[in-house]
Amino acid sequence: MTDPALPLTSAPLGADIPLERRILTAIPGPRSLALTARRDAAVASGVASALPVYADRAHGGIVVDVDGNQFIDLGAGIGVMTVGHTDPAVLDAVTTQAASLTHAMFTITPYEGYVRVAELLAEHTPGDHAKKSMLVNSGAEAVENAVKIARKHTGRSAVAVLDHAYHGRTNLTMAMTFKAMPYKAGFGPFAPDIHSVPGSYPFRDGLDGPAAAARTIEHLERSIGAADLACIVAEPVQGEGGFIVPAEGYLVALQNWCTENGVVFVADEVQSGMARTGTWFASEHSGLVPDLVTSAKGIAGGYPLGAVTGRAEIMDAAHPGGLGGTFNGNPVSTAAAIAVFEQIRSLDLLGRARRIEGVALPALRALQSRHPIIGDVRGIGAMLAIELVHPATSEPDPASVAAIVRFALQNGVILIAAGTRGNVVRLLPSLVLTDELLLEALDVLGAALESLSPDPA
Ligand code: PMP
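Residues numbered from 1 in each chain as written. Predicted model: local features only at pLDDT ≥ 70, side-chain atom pairs only at ≥ 80, totals over all residues. Heavy atoms only, no water.

A word on the pattern of salt bridges. What the rule picks out here adds up to 15 salt bridges. Between Asp316 and Lys132 there is a salt bridge, and its shortest N-O distance comes to 2.9 Å. With Asp316 in the loop between α10 (312-315) and α11 (331-346) and Lys132 in strand β4 (residues 131-136), the pair connects residues that are 184 residues apart, well separated along the chain. With a closest N to O distance of 3.8 Å, Glu395 and Arg421 form a salt bridge. On the criterion of sequence distance, the pair formed by Glu395 in strand β13 (residues 395-396) and Arg421 in the loop between β15 (416-418) and β16 (424-427) is long-range, its members being 26 residues apart. The partly exposed category is assigned to Glu395, whose relative accessible area is 40%. When salt bridges that share partners are traced, they join Arg204, Asp376, Arg378 and Glu387 into one network. (Salt bridge = Lys/Arg side-chain N within 4 Å of Asp/Glu carboxyl O. Helix = DSSP H or I, 4+ residues; strand = E, 2+ residues; numbered from the N terminus. Buried < 20%, exposed > 50% of the residue type's maximum accessible area, 1.4 Å probe, protein only.)

Structure, rendered in structure tokens:
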């Protein structure tokens, strides 16, 4: 149905968008407001949106809303559009694929694209051991299957996760996710035998890697017992939890304990993987070689795809027919993923992620020196964050995060919040975002901070 109040936009193609920030109307504009009214009547309230503007088209690091406003996108659909919106190579791959084979179901009549993505994942995930993969539709489904495989391989049932973790919204992954509101409240009962243990949060716990690992291991041994533990699932950089980078040595110490105790170490790289941090997978920064790796988000340029990749002998623990799903690794998504791997290589997006860190981290630190409300600046590559606090007490300050996100949107920048206490602003742009647009967006962030607290100078 076409709403006469919402005439079609005149320039529907992403590639036609001039790559600049441009605010033409009040935010949200009239067309976004009209869509909000329709949405309120038709879309379940549980599906909330962080921002009140409706996206119409996008290209590179720019999103255009239905009112023609153009935003510098520092969220990239939560780290999905790593290669940039409407990347020409991805577009070409999916249109060609859609015109030849859209669906066959890999568990009925297999096709090459699925096999090729598994080969690429084997090549690009950490470690040079023999690896195999299975493909799924989402991050949560990848985590579900990693747990399934680890349980089958070990013959054990307990699963350990870290505090501040986010692993998804299915029944099992809700149980694995730390934050009750909004992810879990009222949705129980949850899957049993999931245990949350303290992780490493240098800004808050002040522990170095070995000390934080010793604390985690103490919990694992005392409250679960290694002999019953199938796997530990950990994000190498915690995403929704607030871009928490564990202290140096923490992850490897945990991995060593897993190896000694026959526990499968699963790195959930759904948010941190696929070039986001300047390496193919964030595990590489700490020399971590996980037994299993989950990926999704940035892997297929916006098409639904997730994966579990890992040691061949663990992946093969599941009996034939034990893994699968109707749309898993569908041909269009796998074609997109193959193009994404190629674009990361040919556009040197690993280098671009490091460059984004090189440009943005000093700028964020400069903001911190002027604004004591910024308690911590952290992150790796194009996965960067500031944690806002009440300076006198270091208590979390989610209200200022909400105000900054609002201010930024009014001024043409998409920013998103994170953190168990909602007091983190995270930056995870497309890696093709230019230095100029990145610096412009950081200026807007600076202005947003000014609008909160007058300069002490
Ligand atoms: N694991 C991590 C680390 C994530 O960041 C997310 C999504 N934010 C998920 C799992 C769940 O992914 P999806 O939303 O695709 O189910």
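Here the narrative resumes.
So, on to the domain arrangement of the protein chain. One can read the domain layout of the protein chain as domain 1 (30-83 + 348-451) and domain 2 (91-346). Of note, the centres of domain 1 and domain 2, computed from C-alpha atoms alone, are 25 Å apart. Across the domain 1 to domain 2 interface the summed buried area is about 2800 Å²; carbon plus sulfur atoms make up 61%. Looking at the side of domain 1 facing domain 2, the largest losses of area belong to Ile380, Met383 and Thr420, adding up to 26% of the total buried there. With its nearest N and O atoms 2.8 Å apart, the salt bridge here joins Glu387 to Arg204. Run the count over domain 1 and domain 2 and you get 18 residue pairs in polar contact (both at pLDDT 80 or more). Of all the secondary-structure elements, those providing two or more residues to the side of domain 1 that touches domain 2 are α2 (76-79), α12 (349-370), β11 (374-380), β12 (383-390), β13 and β16. (Domains from an automatic or database assignment. Buried area = accessible area lost by both parts, 1.4 Å probe. Polar contact = N/O pair within 3.5 Å; in protein donor to acceptor, adjacent residues only side chain to side chain.)

In the region of the ligand, the neighbouring residues are Ser138, Gly139, Ala140, Tyr166, His167, Gly168, Glu235, Glu240, Asp268, Val270, Gln271 and Lys297. Note that a nitrogen atom of the ligand is positioned 3.4 Å from one of the backbone N or O atoms of Tyr166. Lys297 places a side-chain nitrogen or oxygen 3.0 Å from a nitrogen atom of the ligand. (Near = heavy atom within 4 Å.)

With that out of the way, let us pick up the sheet that holds strand β14 (residues 413-414). Judged by pairing direction, the sheet is mixed, and its four strands sit side by side in the order β1-β2-β3-β14 without closing on themselves. What marks the edges here is a single partner per strand, and that holds for β1 (55-59) and β14. The pairing of strand β2 (residues 62-65) with strand β3 (residues 70-73) spans three bridges and is antiparallel. Within β3, the residue paired with Val63 across the bridge is Phe71. Along the sheet, helix α14 (residues 435-452) makes contact with β2, β3 and β14, crossing β3 at roughly 100°. (Pairing = 2+ DSSP bridges. Contact = heavy atoms within 4.5 Å. Axes fitted to C-alpha atoms, helices over the stretch in contact; angles between N-to-C directions.)

Turning to the pairing of strand β5 (residues 158-162), a few remarks are in order. Most of β5 is tucked away: five of the five residues are buried. Each parallel crossover has a hand, and the one from β5 via helix α6 (residues 171-176) to strand β6 (residues 194-197) is right-handed. (Right-handed = clockwise from strand over helix to strand, strands pointing away.)

Another aspect to go through is helix α3 (residues 88-100). Every α-helix carries 3.6 residues per turn, so stepping three or four residues along brings you back to the same face. Between the first and last C-alpha of α3 there are 19 Å, a value that for 13 residues agrees with the 18 Å anticipated at 1.5 Å per step. Buried within α3 we find Val90, Ala93, Val94 and Gln97. Taken around the axis of α3, the buried residues stretch over an arc of 90°, which confines them to a single face. Turned more than 90 degrees away from the buried face of α3, the exposed residues are Pro88 and Ala99. Where α3 is buried, its residues meet α11. (Expected span 1.5 Å × (residues − 1). Arc of directions from axis to C-beta.)

This part is about empty space enclosed by the protein. According to the stated counting rule, one finds one cavity of 30 Å³ or more in the structure shown. Within the lining of the largest cavity, the residues separate by chemical class into five nonpolar, three polar and one charged. (1 Å grid on protein atoms, 1.4 Å probe; cavity = no way out; pocket = protein on both sides within 12 Å on 5 of 7 lines; lining within 4 Å. Points joined across faces, edges and corners; volume = space filled by probe spheres on them. Nonpolar A, V, L, I, M, F, W, Y, C, P; charged D, E, K, R; others polar.)

The subject of this paragraph is the packing of aromatic side chains. Per the counting criterion, the structure on display carries five aromatic pairs. Look at Phe106 and Tyr111: their rings are 5.5 Å apart centre to centre, the planes differ by 80°, and that puts the pair in the edge-to-face class. When its relative accessible area of 24% is taken as the criterion, Phe106 is described as partly exposed. Put simply, the rings of Phe106, Tyr111 and Tyr114 pair up and form one aromatic cluster. The residue whose ring lies beneath Lys184 is Phe190, and the NZ or CZ to ring-centre distance is 5.6 Å. (Phe/Tyr/Trp six-rings, centres within 6.5 Å; stacked < 30°, edge-to-face > 60°. Lys NZ or Arg CZ within 6 Å of the ring centre and 35° of its normal.)

This part is about unusual backbone geometry. Of note, the bond from Met181 into Pro182 is cis; its omega dihedral lies within 30 degrees of zero at 10°. Topologically, Pro182 is positioned in the loop between α6 and β6. Following Gly188, the chain continues into Pro189 via a peptide bond in cis, with omega recorded as 5°. You can see Pro189 is positioned in the loop between α6 and β6. Within the chain, Phe243 stands out as a residue other than glycine whose phi angle is a positive 50°. With respect to the helices and strands, Phe243 occurs in the loop between β7 (229-234) and α9 (250-261).

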